[in-house]
Structure formats: structure tokens, C-alpha cells
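What follows is each chain in one-letter form.
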Amino acid sequence: QVQLVESGGGWAQPGGSLRLSCAASGFTFSRSAMRWYRQAPGKERELVAAITSAGSNTNYADSVKGRFTISRDNAKNTVILQMNSLKPEDTAVYYCNARVVSEYWGQGTQVTVSS
């Protein structure tokens, strides 16, 4: 079955960095676009970043452009979200997402940015 397991969340000060990883299994990872979403308390889940199956194209929410970078390693079935210049408003639970006929989500990893 499809599994998505996020790791790498935690606490960072404003201006700091965190690196999230998502380990995928149960589907042909190299043929699937991948996405990171986030959900802050009291807010709807929003798309943060997306990457095509080969990694040749990416797109980002306006709020994270220039600060976050999505990448993937198809040999390791892993998608990464590098988050730099973090802001308190980046505080949220971050989810890895794959659409393989149905939509699949990881369990989420908490990111907290505060001083």
C-alpha cells in the first residue's frame, strides 16, 4: 500500500532553516508528481510546493518563493523540502502528498518557528 512518512520537523528561530523529508513507498515514485502542503491552526490546508516526476519543474506558493526549495531523489524514493529564512507564519503541520489514482497523505510533521 502507499505510504508517505515525513520527518525533519521541529522548532526553529525566525530566520532559521529546517529540512523536511518524505519517504515514499508502495507506488512508482519516479512516475508521480509530489507535493508538500501545510496546515496552520484554524486555517485550511494549503499547497506549499510541488515537483514533477522527473524533478524538472517546480512551483511554489507565493508566500514561500525564494525561501523554500522542493527537490527529489528518485533513486531513494524521497522528496525534500528545504526551508530557509523561516518566519513565524510558516508554523504549521507539513504534509507530503501523492496522487496515485487516489490521493495519499503522510501523517504530517510539526514545524514551529518562534523566538
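Reference entry: report on the structure contained in this document. (Residues numbered from 1 in each chain as written. Predicted model: local features only at pLDDT ≥ 70, side-chain atom pairs only at ≥ 80, totals over all residues. Heavy atoms only, no water.)

## A look at the sheet that holds strand β1 (residues 3–7)
To be explicit about the condition: Criterion used throughout: strands pair if DSSP finds at least two bridges between them. Helix numbering and strand numbering both begin at the N terminus, where a helix is a DSSP run of H or I of at least 4 residues and a strand a DSSP run of E of at least 2. Where helices are involved, their axes are fitted lines through C-alpha atoms of the stretch in contact, as for all axes, and angles between N-to-C directions lie from 0 to 180°.
The strand order across the open sheet formed by four strands is β1-β3-β8-β7, and the pairing between neighbours is antiparallel. Two strands in the sheet have a free side with no partner beyond their single neighbour: β1 and β7 (68–73). Averaged over all pairs of adjacent strands, the angle between their axes in this sheet comes to 15 degrees, without regard to strand direction. Here β1 runs beside strand β3 (residues 18–25); their pairing, made up of five bridges, is antiparallel.

## Thoughts on the pairing of strand β5 (residues 46–51)
Bridge count for strand β4 (residues 34–39) against β5 is five bridges, and the pairing is antiparallel. When the sheet's bridge partners are listed, Arg-35 is paired in β5 with Ala-50. Between the end of β4 and the start of β5, which pair antiparallel, lie six residues, with Gly-42 showing a positive phi angle near 75 degrees. Inspection of the sheet shows β5 paired to strand β6 (residues 58–60) by three bridges, in the antiparallel sense. Counted as the bridge partner of Ile-51 is Thr-58 from β6. Between β5 and the antiparallel strand that follows it, β6, lie six residues; Gly-55 among them carries a positive phi value of about 85 degrees.

## Quick look at the side chain of Arg-72
Selection rule: Under the scheme applied here, a residue whose accessible area is under 20% of the maximum for its type counts as buried, over 50% as exposed, and between as partly exposed, the area being computed with a 1.4 Å probe on protein chains only. Under the convention used here, Asp and Glu are negative, Lys and Arg are positive, and both His and the chain ends fall outside the count. For this document, the term salt bridge refers to a Lys or Arg side-chain nitrogen within 4 Å of an Asp or Glu carboxyl oxygen. Counted as a polar contact is a pair of N or O atoms within 3.5 Å, where, for protein atoms, one must be capable of donating a hydrogen and the other of accepting one, and residues adjacent in sequence contribute only when both atoms are in side chains. Whether two residues are in contact is decided by their heavy atoms, any of which lying within 4.5 Å being enough.
Mapped onto the secondary structure, Arg-72 falls in strand β7. As a buried residue without a salt bridge, Arg-72 has its nearest oppositely charged side chain in Asp-73, at a separation of 8.2 Å. Looking at Arg-72, its side chain comes within polar contact range of the main-chain oxygen of Phe-29, at 2.7 Å. Polar contacts involving the side chain of Arg-72 include one to the main-chain carbonyl oxygen of Ser-32, which spans 2.8 Å. Residue contacts for Arg-72: discarding those within four places in its chain leaves Phe-29, Ser-30, Ser-32, Ala-33, Met-34, Ile-51, Thr-52, Ser-53, Ala-54, Gly-55, Thr-78 and Val-79.

## Focus on the state of the cysteines
Applicable threshold: To count as a disulfide, a pair of cysteine sulfur atoms needs to be within 2.5 Å.
Following the criterion strictly, the structure yields one disulfide and no others. Across the disulfide, Cys-22 is cross-linked to Cys-96 (sulfur-sulfur distance 2.1 Å). Across the S-S bond of Cys-22 and Cys-96 the torsion is about -80 degrees, and the bridge reads as left-handed. Taken together, the residues span a long stretch of sequence, with Cys-22 in strand β3 and Cys-96 in strand β9 (residues 92–100) at a distance of 74 residues. Assigned by exposure class, Cys-22 and Cys-96 land together as buried.

## Digging into the packing of aromatic side chains
Under the convention used in this document: Each Phe, Tyr or Trp ring, with Trp reduced to its six-membered ring, pairs with another whose centre is within 6.5 Å; inter-plane angles below 30 degrees give stacked pairs, above 60 give edge-to-face pairs, and intermediate values give tilted ones.
Evaluated as defined, the whole model comprises three aromatic pairs. Each ring, one from Phe-27 and one from Phe-29, has its centre 6.2 Å from the other, and the planes form 55 degrees; the classification is tilted. Assigned by exposure class, Phe-27 and Phe-29 land together as buried. A centroid spacing of 6.3 Å and a plane angle of 90 degrees characterise the contact between Tyr-95 and Trp-105, whose relative ring orientation is edge-to-face. Placement of Tyr-95 in strand β9 and of Trp-105 in strand β10 (residues 102–105) is noted, with a sequence separation of 10 residues between them.

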